[in-house]
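So you can see what is in the structure, the chains are spelled out below.
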Amino acid sequence: MAKVTVDAIRQAKAKAEKITMLTAYDCPMAKLLDEAALDIVLVGDSLGMVVLGYETTAPVTMEEMLHHAKAARRGVSRALLVGDMPLMAFESSIEQTVRHARRFIEEAGCEAVKVEWKPDIERVVSAIVKAGIPVMAHVGLTPQTAANEGGFGMRGKDASSAARLLTQATAMEELGCFSVVLECLPDVLAQEITRRLRIPTIGIGSGVFCDGQVLVTYDLLGLFERFKPRFVKRYAELAPVIRQAAAAYVRDVKSGRFPDKEHTVSMKPEEIGL
Ligand code: KIV
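Cut-offs applied
- Residues numbered from 1 in each chain as written.
- Predicted model: local features only at pLDDT ≥ 70, side-chain atom pairs only at ≥ 80, totals over all residues.
- Heavy atoms only, no water.
- Buried < 20%, exposed > 50% of the residue type's maximum accessible area, 1.4 Å probe, protein only.
- Helix = DSSP H or I, 4+ residues; strand = E, 2+ residues; numbered from the N terminus.
- Right-handed = clockwise from strand over helix to strand, strands pointing away.
- Pairing = 2+ DSSP bridges.
- Contact = heavy atoms within 4.5 Å.
- Near = heavy atom within 4 Å.
- Polar contact = N/O pair within 3.5 Å; in protein donor to acceptor, adjacent residues only side chain to side chain.
- Areas by Shrake-Rupley, 256 points an atom, 1.4 Å probe, with all protein chains shown as cover.
- Nonpolar A, V, L, I, M, F, W, Y, C, P; charged D, E, K, R; others polar.
- Domains from an automatic or database assignment.
- Axes fitted to C-alpha atoms, helices over the stretch in contact; angles between N-to-C directions.
- Parallel < 35°, antiparallel > 145°, perpendicular 65-115°, else oblique.
- Left-handed = near helix turned anticlockwise from the far one by under 90°.
- Phe/Tyr/Trp six-rings, centres within 6.5 Å; stacked < 30°, edge-to-face > 60°.
- Lys NZ or Arg CZ within 6 Å of the ring centre and 35° of its normal.

### Examining the pairing of strand E7 (residues 201-204)
Turning to step 1, where the next piece is worked out: Taking every second residue as pointing to the same face, both faces of E7 are buried, with Thr-201 and Gly-203 on one and Ile-202 and Ile-204 on the other.
Turning to step 2, where the next piece is worked out: Crossover connection from strand E6 (residues 179-183) via helix H8 (residues 187-196) to parallel E7: handedness right-handed.
Turning to step 3, where the next piece is worked out: Direction of pairing for E7 relative to strand E8 (residues 212-215): parallel, over a ladder of two bridges. Residue pairing in the sheet places Ile-202 in a bridge with Gly-212 of E8.

Take a look at the structure:
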């Protein structure tokens, strides 16, 4: 199967091919997703909540993102690898933010970065695009700043906020982003944005009319148990499977059933001079 490129993602929309994206933060998971013929592996800053155990994504550092993006890189050969720019990457100058974006490409081997919408983001996105770095935008519910923007509920539920989101998504296209994630929008608003934009929309909690879909893999696999957003479909329930396996191991070790003959190299003492 051909390598997925930024251009292929752009063209998927023209061909009406749905785009698939999931998150990964390490090599084995990224490899499994890549082998499932996924289009895009996103090293999301959801890392902070589902893997690092933070309450929110806000404390995730650039170093943490790069560390995990490098690991995911080792597992991905076909899918497009996108690195999510954490909130901290936007805390100083635009030049510094562009340097952070470049680190995802040059140090971690990502092929694009994702940028969540936030006030005054346009100049930053424009500078990253001008630096030759492909940008996936993210509008709607943007978890990095959700606490200051009315919490974690749906966005675009009234005329003024729907119009604002339409303007934001359009601006992201005009600034040169190659795709845009739409998080937690009513399906008809996501449909209208998808209709108006030439770049693909990738929805999460935004209905079926988007050009593609994304979920957090730990949600899809039932590995993140702290809460489950309504839009998450669990394709597996792995947490109980892991608990059962670990408990069986504990029982076997405590009772002396493991390691057994099959998992032991048995030799006579004299064979090794004892
Ligand atoms: O961080 C993340 O995983 C994301 C996706 C949910 C789009 O931003």
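Having seen it, we continue.
### Digging into the environment of Ala-79
Turning to step 1, where the next piece is worked out: Mapped onto the secondary structure, Ala-79 falls in the loop between helix H4 (62-75) and strand E3 (80-84).
Turning to step 2, where the next piece is worked out: Filtering out sequence-adjacent residues up to four positions away, Ala-79 remains in contact with Lys-3, Val-4, Asp-34, Leu-38, Asp-39, Ile-40, Val-41 and Glu-111.

### So, the site of the ligand
Turning to step 1, where the next piece is worked out: The immediate surroundings of the ligand are formed by Thr-23, Leu-42, Gly-44, Asp-45, Ser-46, Asp-84, Lys-114, His-138, Ile-204 and Val-216.
Turning to step 2, where the next piece is worked out: A distance of 2.5 Å is found between an oxygen atom of the ligand and a side-chain nitrogen or oxygen belonging to Ser-46.
Turning to step 3, where the next piece is worked out: Between Asp-84 and the ligand, the recorded distance is 3.1 Å, taken from a side-chain N or O atom to an oxygen atom.
Turning to step 4, where the next piece is worked out: Notes on the ligand: free accessible area 260 Å², of which the protein chains cover 95%.
Turning to step 5, where the next piece is worked out: Per-class residue counts for the shell around the ligand are three nonpolar, four polar and three charged.

### Focus on the domain arrangement of the protein
Turning to step 1, where the next piece is worked out: In terms of domain boundaries, the protein breaks down into domain 1 (6-237) and domain 2 (242-272).
Turning to step 2, where the next piece is worked out: Centre-to-centre, using C-alpha coordinates, domain 1 lies 44 Å away from domain 2.

### Examining the environment of Ala-247
Turning to step 1, where the next piece is worked out: In this structure, Ala-247 sits in helix H10 (residues 238-255).
Turning to step 2, where the next piece is worked out: A C-alpha to C-alpha distance of 31 Å links Ala-247 and His-67, two positions 180 residues apart in sequence.

### Some points on the sheet that holds E8
Turning to step 1, where the next piece is worked out: The parallel closed barrel is built from eight strands, whose spatial order is E1-E2-E3-E4-E5-E6-E7-E8. Averaged over all pairs of adjacent strands, the angle between strand axes in this sheet comes to 25 degrees, irrespective of strand direction.

### Here we look at the packing of helix H7 (residues 159-174) against H8
Packed helices, taken two at a time, are described by the angle between their axes plus the distance between the axes.
Turning to step 1, where the next piece is worked out: Their axes nearest at 10 Å, the elements H7 and H8 cross at an angle of 30 degrees. Accordingly, the angle class assigned to the pair H7 and H8 is roughly parallel. In the crossing of H7 with H8, the sense of the turn from one axis to the other is right-handed. In this structure, H7 contributes Ala-162, Leu-165, Leu-166 and Ala-169 to the contact, and H8 contributes Leu-189, Ile-193 and Arg-196.
Turning to step 2, where the next piece is worked out: For the contact of H7 with H8, a count of residues per class yields six nonpolar, no polar and one charged.

### Things to note about the packing of H4 against helix H5 (residues 94-106)
Turning to step 1, where the next piece is worked out: Put simply, H4 and H5 touch, their axes get as near as 10 Å, and they point 20 degrees apart. In terms of orientation, H4 and H5 fall into the roughly parallel class. With respect to the hand of their crossing, H4 and H5 are arranged in right-handed fashion. Two secondary-structure elements touch here, H4 through Met-62, Glu-63, Met-65 and Leu-66 and H5 through His-100, Arg-103 and Phe-104.
Turning to step 2, where the next piece is worked out: Broken down by class, the residue content of the contact of H4 with H5 amounts to four nonpolar, one polar and two charged.

### Comments concerning the packing of aromatic side chains
Turning to step 1, where the next piece is worked out: The full count for this structure, using the stated rule, is three aromatic pairs.
Turning to step 2, where the next piece is worked out: Look at Phe-224 and Phe-227: their rings are 5.3 Å apart centre to centre, the planes differ by 90 degrees, and that puts the pair in the edge-to-face class.
Turning to step 3, where the next piece is worked out: Judged by relative accessible area, which is 8%, Phe-224 ranks as buried.
Turning to step 4, where the next piece is worked out: Sitting over the face of the ring of Phe-90, Lys-118 holds its NZ or CZ atom 4.0 Å from the ring centroid.

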